[in-house]
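Coordinate inspection notes
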Amino acid sequence: MGGKDEMAHGKKLYSVYESYRIFYKGLFTIRYMFKSKKKKELSPQFIERIMLAVTEVNNCAVCSYVHTKMALEKGMGDDEIRKILAGVMDDVPSDEVAAVMFAQHYADTGGNPAIESWQCIVETYGMSKAKGILGTICTIMLGNTYGIVWSSLFNRLRGKPDQRSNLLYEVSMIITGIIFLPIAFTHAIISVLLGMPVITFLKDT
């Protein structure tokens with residue numbers, strides 16, 4: 001891995017390979033998030049709770065700031081937002097807890113959850129809504145992966161380098177991220193046309 005394996009508070013940086021997989025999965029599943037929003041299966045607040053929960057796991061300062069602002073604009077309270085960013089789910093509505101906990105598990109496993117956890121989400125919400133939840137998770141995972149890199153580089157330029165990272169890692173991730181965009185987009189389109197599975201599991205990797 002470029003940079004140190006473990007981030008502050010036990011969070012880890014993603015390798016170039018892991019980042020490509022996250023990039024691809026985000027582009028492959030984002031359509032489900034938009035479909036669920038259009039069908040009103042996922043409320044704006046539900047989406048923000050998922051995104052804040054994933055951001056807490058990945059410890060992305062940029063996404064924490066952006067999604068705190070968005071959550072406030074969607075009507076969420078300060079106290080609930082602070083709790084989610086601290087990993088506390090006390091104020092999450094009971095019918096959304098399973099999805100938020102799955103989001104944390106998905107992020108914890110780097111996008112390779114246990115199959116039982118996904119089956120539980122499908123049973124709880126139905127396949128259509130479950131795919132919307134997955135698309136939301138994968139979208140913020142993509143944002144976190146590169147948000148961490150950009151914020152680390154920005155802080156380095158300000159004379160406050162991130163001890164979890166190094167300059168080589170930050171530059172290589174930014175360059176490969178630019179290269180990845182058209183490749184991952186093409187990969188995602190081909191996967192859609194071939195009807196590839198929307199999710200992979202721990203035992204499949």
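Right, let's walk through the structure included here. In this text the structure is predicted, and so the values were computed from the model without any measurement.

Right, let's talk about the packing of aromatic side chains for a bit. If you walk through the whole model with that rule in mind, you get six aromatic pairs. Plain terms: the ring middles of Tyr 20 and Phe 180 are 5.0 Å apart, the flat faces sit at 75 degrees to each other, and that makes the pair edge-to-face. Of this pair, Tyr 20 sits in helix H1 (residues 16-38) while Phe 180 is found in helix H8 (residues 167-194), placing the two residues 160 residues apart along the sequence. Accessibility assignment for this pair places Tyr 20 and Phe 180 in one class, buried. Here Phe 46 and Tyr 125 contribute two aromatic rings whose centre-to-centre distance is 6.3 Å and whose plane-to-plane angle is 55 degrees, an arrangement assigned as tilted. Within this pair, whereas Phe 46 is found in helix H2 (residues 44-58), its partner Tyr 125 is found in helix H6 (residues 115-125), the two being separated by 79 residues in sequence. Tyr 125 gets classed as buried once you look at its relative accessible area, which sits at 14%. Grouped by ring-pair contacts, the aromatic residues Phe 102, Tyr 106 and Trp 118 constitute a single cluster.

One pass over the full model with this rule turns up one cavity of 30 Å³ or more. Roughly 40 Å³ of volume is contained in the largest cavity. What lines the largest cavity is Arg 21, Ile 22, Lys 25, Gly 26, Tyr 106, Gly 110, Gly 111, Cys 138 and Met 141. At the level of secondary structure, the elements contributing two or more residues to the lining of the largest cavity comprise H1 and helix H7 (127-157). Top contributing element to the lining of the largest cavity by residue count: H1, with four residues.

Here Thr 136 lies in helix H7. Here the side chain of Thr 136 touches Gly 132 through a polar contact of 2.9 Å, landing on its backbone oxygen. Those residues in contact with Thr 136, other than ones at most four positions away along the chain, are Met 33, Leu 42, Ile 47, Ile 50 and Met 51.

All told, the structure shown has eight salt bridges when counted by the stated rule. Across the pair Arg 49 and Glu 80 runs a salt bridge, and its minimum N-O distance is 2.5 Å. With Arg 49 in helix H2 and Glu 80 in helix H4 (residues 78-85), the pair connects residues that are 31 residues apart, well separated along the chain. Considered together, Arg 49 and Glu 80 belong to a single accessibility category, that of buried residues. One salt bridge in this structure joins Lys 83 and Asp 91, with 3.4 Å as the shortest N-O distance. Bridged by salt links that share partners, the residues Asp 79, Arg 82, Lys 83 and Asp 91 form one connected network.

Scoring rules and cut-offs
Residues numbered from 1 in each chain as written. Predicted model: local features only at pLDDT ≥ 70, side-chain atom pairs only at ≥ 80, totals over all residues. Heavy atoms only, no water. Phe/Tyr/Trp six-rings, centres within 6.5 Å; stacked < 30°, edge-to-face > 60°. Helix = DSSP H or I, 4+ residues; strand = E, 2+ residues; numbered from the N terminus. Buried < 20%, exposed > 50% of the residue type's maximum accessible area, 1.4 Å probe, protein only. 1 Å grid on protein atoms, 1.4 Å probe; cavity = no way out; pocket = protein on both sides within 12 Å on 5 of 7 lines; lining within 4 Å. Points joined across faces, edges and corners; volume = space filled by probe spheres on them. Polar contact = N/O pair within 3.5 Å; in protein donor to acceptor, adjacent residues only side chain to side chain. Contact = heavy atoms within 4.5 Å. Salt bridge = Lys/Arg side-chain N within 4 Å of Asp/Glu carboxyl O.

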